[in-house]
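Residues per chain are reported as follows:
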Amino acid sequence: MRDITLLQGDITTMAVDAVVNAANSSLLGGGGVDGAIHRAGGPAILEACRALRATTLPDGLPAGDAVATTAGRMPARWVIHTVGPVWSPRDDRSAVLASAYRRSLEVAAELGAASVAFPAVSAGVYGWPHESAAEIALESVDASPYEGAVSFVLFSDAMLRVFEATLDRLR
Ligand code: ADP
């Protein structure tokens, strides 16, 4: 396994080059980490998202893809917005979740970002079971050719423990 840093905290405070947002396809804001990022970064992020919707992404950002904007007033330089799949008990959407991580790191490489912090994409409102979300997250990052530093910033101690146990198992 590559080196992956696991932390408990608020991703909006991280002094990394790029913070990943678990956005929704509209890119026009939501709750959870998305709301926190827009609050912390200020209106410049929403302005940049609206500009994307008016130009390259008229139908929004599909699940599994990623796109970058400014990070506004946050310490990071960029926000990489990605859209995870909504959990479905019937339909296996694991490949879409893996793609969200893979595409985020491709965008990070294109930006020249040396460090990236992720939240647990799809593990909040989108309802993905936490152990599975952690496994897909860590395996996807490990499989990526991205050469920079990668951290996960987990909002709760419980989620940090899930990621730590999963990383121990995969090592
Ligand atoms: P999704 O819709 O993809 O499930 P959510 O934002 O609802 O996205 O949740 C994704 C994860 O982000 C959840 O584990 C949630 O607890 C966490 N989260 C919420 N706010 C923050 C924050 N400020 N920093 C880091 N993680 C956060």
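Because the structure is a prediction, the values reported are computed rather than measured.

Student: Honestly, the site of the ligand in this entry has me stumped. Any pointers?
Tutor: In the vicinity of the ligand, 16 residues are found, and the nearest of them are D10, V33, S122, G124 and V125. One nitrogen or oxygen atom from the main chain of V33 is found 2.9 Å from an oxygen atom belonging to the ligand. Between the ligand and the protein, one listed contact pairs an oxygen atom with a backbone N or O atom of Y126 at 3.0 Å. Protein chains shield 89% of the accessible area of the ligand, which is 560 Å² for the free molecule.

Student: Please clarify how the pattern of salt bridges should be interpreted in this entry.
Tutor: For side chains bearing opposite charge, pairing can occur when the charged atoms are close. Counting across every chain of the model gives five salt bridges. A salt bridge links R169 to E135; its shortest N-O distance comes to 3.1 Å. Here the residue R169 occupies a position in helix α5 (residues 157-170), and E135 occupies one in helix α4 (residues 130-143), the gap between them amounting to 34 residues. Here R169 falls in the exposed class, since its relative accessible area comes to 51%. Look at E135 and you get partly exposed, because its relative accessible area is 28%. With a shortest N-O distance of 3.9 Å, R171 and D168 are connected by a salt bridge. The exposure class assigned to R171 is exposed, which follows from its relative accessible area of 59%. For D168, a relative accessible area of 55% gives the class exposed. Sharing partners across several salt bridges, the network here consists of D65, R103 and E106.

Student: It is not clear to me how the environment of G41 should be interpreted in this structure. Could you clarify?
Tutor: Summarising the element assignment, G41 is placed in helix α1 (residues 32-41). Separated by 30 residues in sequence, G41 and A71 have C-alpha atoms that sit 5.7 Å apart. In contact with G41, not counting residues within four places along its chain, are A71, G72, R73 and M74.

Student: Mind showing me how you'd approach the sheet that holds strand β6 (residues 149-154) here?
Tutor: Whether parallel or antiparallel, the strands of a sheet pair through hydrogen bonds between backbone atoms. Sheet architecture is open: six strands sit in the order β1-β6-β5-β2-β4-β3, paired in mixed fashion. The outermost strands of the open sheet, each flanked by one partner alone, are β1 (4-8) and β3 (66-70). Between one strand axis and the next, the sheet turns by 25° as a mean value, whatever way the strands run. As paired strands, β3 and strand β4 (residues 78-82) are joined by five bridges and run antiparallel to one another. Following the sheet pairing, T69 is matched in β4 by V79. Across the sheet, helix α3 (residues 94-111) touches β2 (18-22), β3, β4, β5 (115-118) and β6, and the angle it forms with β4 is around 150°.

Rules used throughout
- Counting restarts for each chain: residues are numbered from 1 in the order of the written sequence.
- The predicted origin of the model limits local features to residues at a pLDDT of at least 70 and limits the giving and counting of side-chain atom pairs to 80 or more, whereas totals for whole chains, interfaces and linings rest on all residues.
- To get the side-chain values, all heavy atoms of the structure are used, and hydrogens and water are removed first.
- Residues are counted as near a molecule or strand when any one of their heavy atoms sits within 4 Å of it.
- Distance and chemistry together define a polar contact, namely a pair of N or O atoms within 3.5 Å, with one atom able to donate a hydrogen and the other to accept it when in protein, and with adjacent residues in sequence counting only for side-chain atoms on both sides.
- Note on areas: Shrake-Rupley with a 1.4 Å probe; residue coverage comes only from the protein chains shown.
- A side-chain nitrogen of Lys or Arg and a carboxyl oxygen of Asp or Glu constitute a salt bridge if their distance falls within 4 Å.
- Helix and strand definitions follow DSSP, with helices as H or I runs of at least four residues and strands as E runs of at least two, each counted in order from the N terminus.
- Per-residue accessibility, obtained with a 1.4 Å probe over protein chains only, is compared with the maximum for each type, and a residue is labelled buried under 20%, exposed over 50%, and partly exposed between these values.
- Here, residues are in contact when the closest pair of their heavy atoms is within 4.5 Å.
- Any two strands with at least two DSSP bridges between them are considered paired.
- A fitted line through C-alpha atoms represents every axis, and for helices the fit uses only the stretch in contact; the resulting angles, taken between N-to-C directions, go from 0 to 180 degrees.

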